[in-house]
Amino acid sequence: MDEDPDTYRILKLRAEILELGSAIRQLRREGLDHAAAQLLISRKRAQLEQLVKAPERRPA
C-alpha cells in the first residue's frame, strides 16, 4: 500500500499530540509538573501546522 509520506506524517503527529494531551491531563490530576510535556505538545502542534500548510513539493 503506497501512502503519501506527508499524510503519514500528519497522522503520526496528530496521534502524538493526542497522546501528549492525555499525559498532560494525567500529570495535572496527580499534581505533577507538566511543563516539559506542554512544551513538547506545542512543538508538535507547530510541526503539524507547518506540514498541513506547506505547499505541494512534488511535481504535477
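In what follows, the structure referred to is the one given above.
Keep in mind it's a predicted model, so treat the numbers as computed, not measured. (Residues numbered from 1 in each chain as written. Predicted model: local features only at pLDDT ≥ 70, side-chain atom pairs only at ≥ 80, totals over all residues. Heavy atoms only, no water.)

Chemist: Even after reading the chapter, I still don't get the packing of helix H1 (residues 5-29) against helix H2 (residues 35-53), so can you show me in this structure?
Modeler: A pair of packed helices can be characterised by two numbers: the angle between their axes and the separation between those axes. Following both chains from N to C, one finds H1 and H2 inclined at 160 degrees, their axes separated by 9 Å at the closest point. When the axis of H1 is compared with that of H2, the two are roughly antiparallel. When you trace H1 past H2, the crossing you get is left-handed. Each of Asp6, Arg9, Ile10, Leu13, Arg14, Glu16, Ile17, Leu20, Gly21, Ile24, Leu27 and Arg28 in H1 lies in contact with H2, whose residues at this interface are Ala37, Gln38, Leu40, Ile41, Lys44, Arg45, Gln47, Leu48, Leu51 and Val52. Taken together, the residues that form the contact of H1 with H2 break down as twelve nonpolar, three polar and seven charged. (Axes fitted to C-alpha atoms, helices over the stretch in contact; angles between N-to-C directions. Helix = DSSP H or I, 4+ residues; strand = E, 2+ residues; numbered from the N terminus. Parallel < 35°, antiparallel > 145°, perpendicular 65-115°, else oblique. Left-handed = near helix turned anticlockwise from the far one by under 90°. Contact = heavy atoms within 4.5 Å. Nonpolar A, V, L, I, M, F, W, Y, C, P; charged D, E, K, R; others polar.)

Chemist: How should H1 be read in this particular structure?
Modeler: Since one α-helical turn is 3.6 residues long, residues separated by three or four positions face the same way. For H1, spanning 25 residues, the distance from its first C-alpha to its last is 36 Å, which sits close to the expected 36 Å at 1.5 Å a residue. Within H1, burial applies to Ile10, Leu13, Glu16, Ile17, Leu20, Gly21 and Ile24. Elements in contact with the buried residues of H1: H2. Looking at the residues trailing H1, positive phi occurs at Gly31, about 75 degrees. (Expected span 1.5 Å × (residues − 1). Buried < 20%, exposed > 50% of the residue type's maximum accessible area, 1.4 Å probe, protein only.)

Chemist: Quick question: what am I supposed to make of H2 here?
Modeler: In this model, H2 (19 residues) spans 27 Å end to end at C-alpha, consistent with the 27 Å of a helix rising 1.5 Å per residue. All buried positions along H2 are accounted for by Ala37, Ile41, Lys44, Leu48 and Leu51. Buried residues of H2 fall within an arc of 85 degrees about the axis and therefore sit on the same side. Facing away from the buried side of H2 by more than 90 degrees, the exposed set consists of Arg43, Gln50 and Lys53. Next to the buried residues of H2 lie H1. (Arc of directions from axis to C-beta.)

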